[in-house]
Amino acid sequence: ISTDAAIGVSMTGIRSETQFDSGFGAFGDKPTDRHLFITESSDITLFGRFRPTAGWSSRLSGTSSDIRYRDLRNGNELSIFSGGRIEGQQESLRWDNTVAAGGGNAIFGAESSNARFDAYGSRHRREADAVFAGYSTRIERLDLQANLRRDEIAGRSGTRSVSSQATTWLTGAGFMLSEAWRITASVSTAFRAPATGELYGWGGNPNLDPESHRSTEAG
């Protein structure tokens, strides 16, 4: 649109097929049965990039996604109650910002998603919201970075619901000993909430706890 503003759209479509034999025995499977597993997914993203002021770059994007899994046994599609068809949709928004400040760069933003899918005759939902911020700068030979993020995630299936929250962070530093040598160190944490399919449906466990991670690195 101008030197300070742009809009765009991106679209993706994927189809994959996998043939396999199943001797698992579930839902009447036999070792001689032939399966064809089809995955189809598509998404469309609308985005805008703009500069509210000098030194501030901002990007806002929205994405709508669809995914479908189909399992055909001996040429016949299995029923949705046996997991032969799983359909899902998700809408998400993300806002990213980079601002030049104090001789370095500050980042901040937020993201939100709402997903739902039907499997084994039930509808499952997952809502996720997050905010994040960080700052990186160089002071002569010293590089410094700090990041902070807050996630809140909720999953629902029928009358059952599971929610989890976490605050994760990263701190890091690097020092130039010379033009050829640099030493670095960082400490960070991470978090992964169980996927909805891991909580509900066939084989799901609603008592699963989130995964947490802590990493210390030097180089």
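Our subject is the structure listed above.
Each value, and the rule that gives it
- Residues numbered from 1 in each chain as written.
- Predicted model: local features only at pLDDT ≥ 70, side-chain atom pairs only at ≥ 80, totals over all residues.
- Heavy atoms only, no water.
- Helix = DSSP H or I, 4+ residues; strand = E, 2+ residues; numbered from the N terminus.
- Rg over C-alpha atoms; globule rule 2.2 N^0.38 Å.
- Buried < 20%, exposed > 50% of the residue type's maximum accessible area, 1.4 Å probe, protein only.
- Salt bridge = Lys/Arg side-chain N within 4 Å of Asp/Glu carboxyl O.
- Contact = heavy atoms within 4.5 Å.

1. Looking at the overall build of the protein chain
Within the protein chain, the regular secondary structure consists of 1 helix and 11 strands. Order of helices (α) and strands (β) in the protein chain, N terminus to C terminus: β-β-β-β-β-β-β-β-β-β-α-β. In summary, the protein chain has a C-alpha radius of gyration of 23 Å against a globular reference of 17 Å for 219 residues, an excess of more than 25%. Dimensions of the protein chain, computed from the C-alpha atoms along their principal axes, are close to 70 × 45 × 40 Å. The buried share among the 219 residues of the protein chain stands at 26%.

2. Examining the pattern of salt bridges
Within this structure, the stated rule accounts for 19 salt bridges. In this structure, glutamate 87 engages arginine 68 in a salt bridge whose closest nitrogen and oxygen atoms are separated by 3.3 Å. Remark: arginine 68 occurs in strand S3 (residues 56-73) and glutamate 87 occurs in strand S5 (residues 85-101); sequence separation between them is 19 residues. When its relative accessible area of 24% is taken as the criterion, glutamate 87 is described as partly exposed. Note that arginine 85 and glutamate 77 form a salt bridge whose closest N and O atoms lie 2.9 Å from each other. The exposure class assigned to arginine 85 is partly exposed, which follows from its relative accessible area of 23%. Linked through salt bridges whose partners overlap, the residues forming this network are Arg15, Glu17, Glu40, Arg68, Arg70, Glu77, Arg85 and Glu87.

3. Points about unusual backbone geometry
Its identity as a non-glycine residue notwithstanding, asparagine 74 has a phi of 55 degrees, on the positive side. Turning to its location among the elements, asparagine 74 is positioned in the loop between S3 and strand S4 (76-77). Judged by its relative accessible area of 39%, asparagine 74 is partly exposed. The phi torsion at glutamate 140 lies on the positive side, around 55 degrees, for a residue other than glycine. With respect to the secondary-structure elements, glutamate 140 resides in the loop between strand S7 (122-139) and strand S8 (142-157).

4. Some points on the environment of leucine 142
Its place among the elements puts leucine 142 in strand S8. Sequence separation of leucine 142 and isoleucine 1 is 141 residues, and the distance between their C-alpha atoms is 39 Å. The contacts of leucine 142, once residues within four sequence positions are left out, are Thr137, Gly174 and Phe175.

5. So, the environment of serine 188
Mapped onto the fold, serine 188 is located in strand S10 (residues 182-192). Residue classification places serine 188 among the buried residues on the basis of a relative accessible area of 17%. For serine 188, the contacting residues outside a window of four places in its chain are Trp169, Leu170, His213, Arg214 and Ser215.

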